[in-house]
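# Residue-level structural notes
The residues making up each chain are set out below.
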Amino acid sequence: MNRQAVWTLVVVSVASFMAGLDNLVVTTALPAIRTDLGGALADLEWTVSAYTLTFAVLLLLGAALGDRFGRRRMFLAGLSVFTLGSAAAALAPNIGSLIAARAVQGAGAAVMMPLTLTLLTVAVPVAKRGMAFGIWSGVGGLAVATGPLIGGTLTERFSWQWIFWVNVPVGLALLPLARRGLAESRGENPRLDVPGTALVSAGLFGIVLGLVRGNPDGWTDPMVLGSLIAGVLLLLAFVVHEIRWAKRPMLPMRMFRNRAFSAVNAASLLMYLGMFGSIFLISQYLQGIGGYTPEQAGVRMLPWTAMPLLVAPLAGLLTDRIGGRPIVVTGLALQALGLAGFALLADHSAGYGQQIPILVVCGIGMSLYFAPTANLVMASVRPGEQGIASGANNAMREVGGALGVAVLSAVFSAQGGYGDAAAFTDGLVPALIVGAAVVAVGSLAAALVPRRHGMRAAVPTEKAPVAVAAGRS
């Protein structure tokens, strides 16, 4: 890779790590936050949900803004908002202020995150994209998976405010580096699809709000039911609008007629559903049943969560040689096998030493999924549509993550609970089996990607002009 490609990879990977980290970093700090700021259980849950909600809802808007106003410009804007939101969260005097700051963080991350992949695609030569995407994906996966460990460590060693303060110097350092080192580019669609943007944002808001509030408020709660129904209806209205009335659709529905695009997005949703929900429960299992502190539990998850740093770049190199489909299929199959294996060991009260090989299998599987997925997504669309394709895939992942926590927690609650070790295990085992089954279906979905697809990114044609490069300013 040339110098600018390496520079871009470093900047966007660090930014992705910060955005991914804040999905779950706050979970292990909730008791300390409650001690300092007070608040009911529902308020504490909103410190997690506020970020997830705004992040998932605004991802497609962030991608569209980048295509319209310039990807580097909007990346800088998103990074600035995220950094300011982090400082506001650290300085929050009460729980309401913290929730509001978390929502601001999520909005900034939603603008920044989909543009990291588009900026990387523009900067990296076609022949090196597999390796670059592997590193980018591995760093992003590591951030999500190690969120509880980092949050627990900072809270135990310093204070809960440091889980937010740590973003501020990193964000401030990235801003001038990004301005100087990233090339500007735009998509081929110069106008925003305002009605489509409003419909898809409102629809995603309803779906994600219903999912994150379903377990704490009850699935028959009027707000939860109303949010889910309204969300589905709004998304259906969005599809109709994009097909029939939008002159310049923000998400062309013809993209879903592409088997590779549809299959890899379905696999992403299912992978995050199974993986996100499982990590959420397993981290609690290690603390509640294993008796570890949040920091100790996070360290014991490292055979799983640190594996992307080792495997993802190698898998990315392999993608450049043989294509992404066999790697993603294998990765999802290993992830499903690992979750099923952990369920079996938990059911037999196996010690941590016996769990390590299973955690390694999960880590390898997750790494093999992360490495080629970005390449598969970007290779399945025209260059001018890569920004919105990135936004769509990230939205699928976020919805899958919210769905995973909701579904697996519901299974856990129906079959067991937090009463004692036996009750927790009774709930954990069927929840992990459901997670494994979902990821296995994701492997089947990935098998529908055309053979050797994703070895090379989509090339411009006469009817598909390359994204407009605007140079550096």
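Structure's up top.
First, a word on scope: everything that follows refers to the structure included in this document. (Residues numbered from 1 in each chain as written. Predicted model: local features only at pLDDT ≥ 70, side-chain atom pairs only at ≥ 80, totals over all residues. Heavy atoms only, no water.)

### Description of the overall build of the protein chain
Convention followed: A run of DSSP states H or I qualifies as a helix once it reaches four residues; a run of E qualifies as a strand once it reaches two. Both are numbered from the N-terminal end. Our radius of gyration is a C-alpha quantity, and the globule rule it is checked against amounts to 2.2 Å times the number of residues to the power 0.38. Think of it in three bands: residues with accessible area under 20% of the maximum for their type are buried, residues over 50% are exposed, and the middle band is partly exposed, with areas taken using a 1.4 Å probe on protein chains only. Should any heavy atoms of two residues lie within 4.5 Å, those residues are considered in contact.
Helix and strand counts for the protein chain stand at 18 helices and 2 strands. For 473 residues, the compact-globule estimate of 2.2 N^0.38 gives 23 Å, and the protein chain sits close to it at 21 Å. The buried share of the protein chain, taken over its 473 residues, is 57%. Considering only contacts within the protein chain whose residues lie at least 6 apart along the sequence, 84% involve residues at least 24 apart.

### Here we look at the environment of Ala312
Here Ala312 is to be found in helix 14 (residues 307–322). Of the residues examined, Ala312 reaches a relative accessible area of 0% and is grouped as buried. Spatially, the C-alpha atoms of Ala312 and Gln386 are 22 Å apart, while their sequence positions differ by 74 residues. Not counting the four nearest positions on each side in its chain, Ala312 is found in contact with Gly134, Gly138, Met307, Ser367 and Ala371.

### Description of the packing of aromatic side chains
The criterion, for reference: The rule is short: rings of Phe, Tyr and Trp, with Trp giving its six-membered ring, pair when the centres are within 6.5 Å, and they are stacked under 30 degrees, edge-to-face over 60, tilted in between. Only lysine NZ and arginine CZ atoms are considered, and such an atom sits over a ring when it is within 6 Å of the ring centre and within 35 degrees of the ring normal.
Under the criterion given, the structure shown has 10 aromatic pairs. Residues Tyr51 and Phe55 carry aromatic rings whose centres are separated by 5.6 Å and whose planes lie at 55° to one another, so their mutual orientation is tilted. A residue pair is termed a helical-turn pair when its members lie 3 or 4 positions apart in one helix, as Tyr51 and Phe55 do in helix 3 (residues 41–69) at 4 residues. Per residue, the accessibility class of Tyr51 equals that of Phe55, and both read buried. A centroid spacing of 6.3 Å and a plane angle of 75° characterise the contact between Tyr272 and Phe370, whose relative ring orientation is edge-to-face. Pair noted here: Tyr272 is in helix 11 (residues 259–288) and Phe370 is in helix 16 (residues 352–379), with a separation of 98 residues, a long-range link. Taking relative accessible area as the criterion, Phe370 reaches 1% and is therefore assigned buried. Members of the aromatic cluster, joined through ring pairs, are Tyr272, Phe276, Tyr369 and Phe370. The side chain of Arg300 reaches across the aromatic face of Tyr352, ending 5.9 Å from its centre.

### Overview of the packing of helix 15 (residues 325–347) against helix 18 (residues 421–446)
Defined as follows: Every angle, taken between N-to-C directions, lies between 0 and 180 degrees, and every axis is a line fitted to C-alpha atoms, over only the stretch in contact when it is a helix. Angle categories are assigned with fixed cut-offs, so that under 35 degrees is roughly parallel, over 145 is roughly antiparallel, 65 to 115 is roughly perpendicular, and the rest are oblique. Crossing handedness: left-handed means the near helix sits turned counterclockwise from the far one by under a right angle, and right-handed means the same turn made clockwise. Note on residue classes: Ala, Val, Leu, Ile, Met, Phe, Trp, Tyr, Cys and Pro are nonpolar, Asp, Glu, Lys and Arg are charged, and everything else, Gly too, is polar.
At a closest axis distance of 8 Å, the pairing of helix 15 and helix 18 adopts a crossing angle of 165°. With respect to each other, helix 15 and helix 18 are oriented roughly antiparallel. For the element pair helix 15 and helix 18, the recorded crossing hand is left-handed. Here the contact of helix 15 with helix 18 is composed, by residue class, of 18 nonpolar, 5 polar and 2 charged.

Functional significance is not addressed by these values, which are geometric in nature.
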